[in-house]
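# Inside the fold
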Amino acid sequence: MIYLISYDITSNKKRYKISKLLKGQGAVRLQKSVFAIHLSRTGLKGLRQSLHKAWGTATKNNDKLFILKIHQTAFHNMSMLGQQLDPILALGQASVVVI
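Keep in mind it's a predicted model, so treat the numbers as computed, not measured.

What counts and what doesn't
- Residues numbered from 1 in each chain as written.
- Predicted model: local features only at pLDDT ≥ 70, side-chain atom pairs only at ≥ 80, totals over all residues.
- Heavy atoms only, no water.
- Pairing = 2+ DSSP bridges.
- Helix = DSSP H or I, 4+ residues; strand = E, 2+ residues; numbered from the N terminus.
- Axes fitted to C-alpha atoms, helices over the stretch in contact; angles between N-to-C directions.
- Contact = heavy atoms within 4.5 Å.
- Polar contact = N/O pair within 3.5 Å; in protein donor to acceptor, adjacent residues only side chain to side chain.
- Phe/Tyr/Trp six-rings, centres within 6.5 Å; stacked < 30°, edge-to-face > 60°.
- Buried < 20%, exposed > 50% of the residue type's maximum accessible area, 1.4 Å probe, protein only.
- Parallel < 35°, antiparallel > 145°, perpendicular 65-115°, else oblique.
- Left-handed = near helix turned anticlockwise from the far one by under 90°.
- Nonpolar A, V, L, I, M, F, W, Y, C, P; charged D, E, K, R; others polar.
- pLDDT = per-residue confidence, 0-100.

## Focus: the sheet that holds strand β1 (residues 2-8)
- Taken in spatial order, the four strands of this open sheet run β2-β3-β1-β4, and their pairing is antiparallel. Single-partner strands in this sheet number two, and they are β2 (28-31) and β4 (64-70). On average, adjacent strands in this sheet sit at an angle of 25° to one another, irrespective of strand direction.
- Along the sheet face, helix α2 (residues 41-55) touches β1, β3 (34-38) and β4 and points at about 170° away from the line of β4.

Here you go:
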């Protein structure tokens, strides 16, 4: 399943830590604070545990992190303005390189 992860974190240190963790798990950055990742249920459980640990206890009241499950068809059919992104290549679901 594909998950969109979005956060609003005030601390630069914490924001960097979460971003690094997501990239390390294979998430693709869609915007500065929005990532997409393809995970199994087990993978999602592990990611949630890692995020919870990285999140820590010293959290500002305004800080938020959302994980949204999105159907693969909806992700592939999303509309974009600005820099275009091939959702299939972004999530590593194709092994084609165009030169």
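Still more to cover.
## Section: the side chain of D63
- Mapped onto the elements of the fold, D63 is located in the loop between α2 and β4.
- A polar atom in the side chain of D63 sits 3.0 Å from the backbone nitrogen of T10.
- Apart from residues no more than four positions distant in its own chain, D63 is found in contact with D8, I9, T10, K14 and W55.

## Remarks on the environment of S6
- Turning to its location among the elements, S6 is positioned in strand β1.
- Measuring from C-alpha to C-alpha, the distance between S6 and L65 comes to 5.7 Å, with 59 residues separating the pair along the chain.
- The residues contacting S6, other than those within four sequence positions of it, are S33, V34, K64, L65 and F66.

## A few points about the packing of aromatic side chains
- Using the criterion set out here, one finds one aromatic pair in the structure.
- Judged by centre distance (6.1 Å) and plane angle (25°), the ring pair of Y7 and F35 falls under stacked. Here Y7 is found in strand β1, whereas its partner F35 is found in strand β3, with 28 residues between them in sequence.
- Under the relative-accessibility criterion, Y7 is labelled buried at 5%.

## Regarding the packing of helix α1 (residues 12-24) against α2
- One way to put it is that α1 packs onto α2 with a least axis distance of 10 Å and a crossing angle of 160°. As judged from the angle between their axes, α1 and α2 are roughly antiparallel. Remark: the crossing between α1 and α2 carries right-handed chirality. Listed contacts from α2 to K14, K17, I18, L21 and L22 of α1 are L47, S50, L51, A54 and W55.
- Its residues assigned to classes, the contact of α1 with α2 comprises seven nonpolar, one polar and two charged.

## Regarding the confidence of the model for the protein
- Per-residue confidence for the protein averages 84 on the pLDDT scale, and 81% of its residues sit at or above 70.
- In this model, residues 94-99 is a region of pLDDT below 50 whose contacts with residues beyond four sequence positions or in other chains number three contacts.

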